[in-house]
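Listed below are the residues making up each chain.
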Amino acid sequence: MGRNFIYKIAGAFIIIIAALFWVLSIALPENFGQFSLAWAGVVICFGIGIIFLVNGCIQQNITTIKKLKIWFGVGLLIAGLLCLVSALAIPENLVIPIIALVVACGFMVTILATGGQKWDEGDNHKIGYKNYFERKKEEQKKQDIEDKK
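Only a predicted model underlies this, so the values are computations on that prediction, with no experimental measurement involved.

A. Region of the structure containing the overall build of the protein chain. In terms of regular secondary structure, the protein chain is built from six helices and zero strands. Put simply, the protein chain runs from its N terminus to its C terminus through helices and strands in the order α-α-α-α-α-α. Residue pairs in contact within the protein chain that sit at least 24 positions apart in sequence constitute 66% of those at least 6 positions apart. For the protein chain, the computed accessible surface area is about 10,700 Å², with 68% contributed by carbon and sulfur atoms. The distance from the centre of the 15 positive side-chain charges to the centre of the 11 negative ones in the protein chain is 4 Å.

B. Seen up close, the packing of helix H3 (residues 37-58) against helix H4 (residues 63-88). Across the interface, H3 lies against H4 with an axial gap of 7 Å and an inter-helix angle of 160°. It follows that H3 is roughly antiparallel to H4 by the angle criterion. When you trace H3 past H4, the crossing you get is left-handed. Residues that form the contact of H3 with H4 fall into these classes: 21 nonpolar, seven polar and two charged.

C. View of the environment of Thr 64. Relative to the helices and strands, Thr 64 is located in helix H4. With 50 residues separating them in the primary sequence, Thr 64 and Thr 114 have C-alpha atoms 8.9 Å apart.

Cut-offs and rules
Residues numbered from 1 in each chain as written. Predicted model: local features only at pLDDT ≥ 70, side-chain atom pairs only at ≥ 80, totals over all residues. Heavy atoms only, no water. Helix = DSSP H or I, 4+ residues; strand = E, 2+ residues; numbered from the N terminus. Contact = heavy atoms within 4.5 Å. Areas by Shrake-Rupley, 256 points an atom, 1.4 Å probe, with all protein chains shown as cover. Lys, Arg positive; Asp, Glu negative; His and termini not counted. Charge placed at Lys NZ, Arg CZ, Asp CG, Glu CD. Axes fitted to C-alpha atoms, helices over the stretch in contact; angles between N-to-C directions. Parallel < 35°, antiparallel > 145°, perpendicular 65-115°, else oblique. Left-handed = near helix turned anticlockwise from the far one by under 90°. Nonpolar A, V, L, I, M, F, W, Y, C, P; charged D, E, K, R; others polar.

Have a look at this one:
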């Protein structure tokens, strides 16, 4: 099993549930008639967006990949919000402030999940890193010690 297996299964399960309810709304309109394509979009976007957020926050990846997963999750949450606006007919003057709030929360989550690390941090920022010249000097010292023996 891969390390992303649980996330993939959860995403597939969310899509299956949304599609099932959409089919049931067409087949049994008296029981599931209020479930529309807009609600299916809400379920899929919010569900997979939360999966990407959790995946980005929990996994130990490169900082850039973590941020990418978190921002993709935030984008899906915004898409889910737009589907929710369509499903509930929320007034248009509330949409932009809610999207701004979601983006601001996305910034906070990326900072918390990555610990404020920059995207381009390499080995030279790690404790105990030695550059080329320091490594060559150590190799030369080892070679001199071996030559003396």
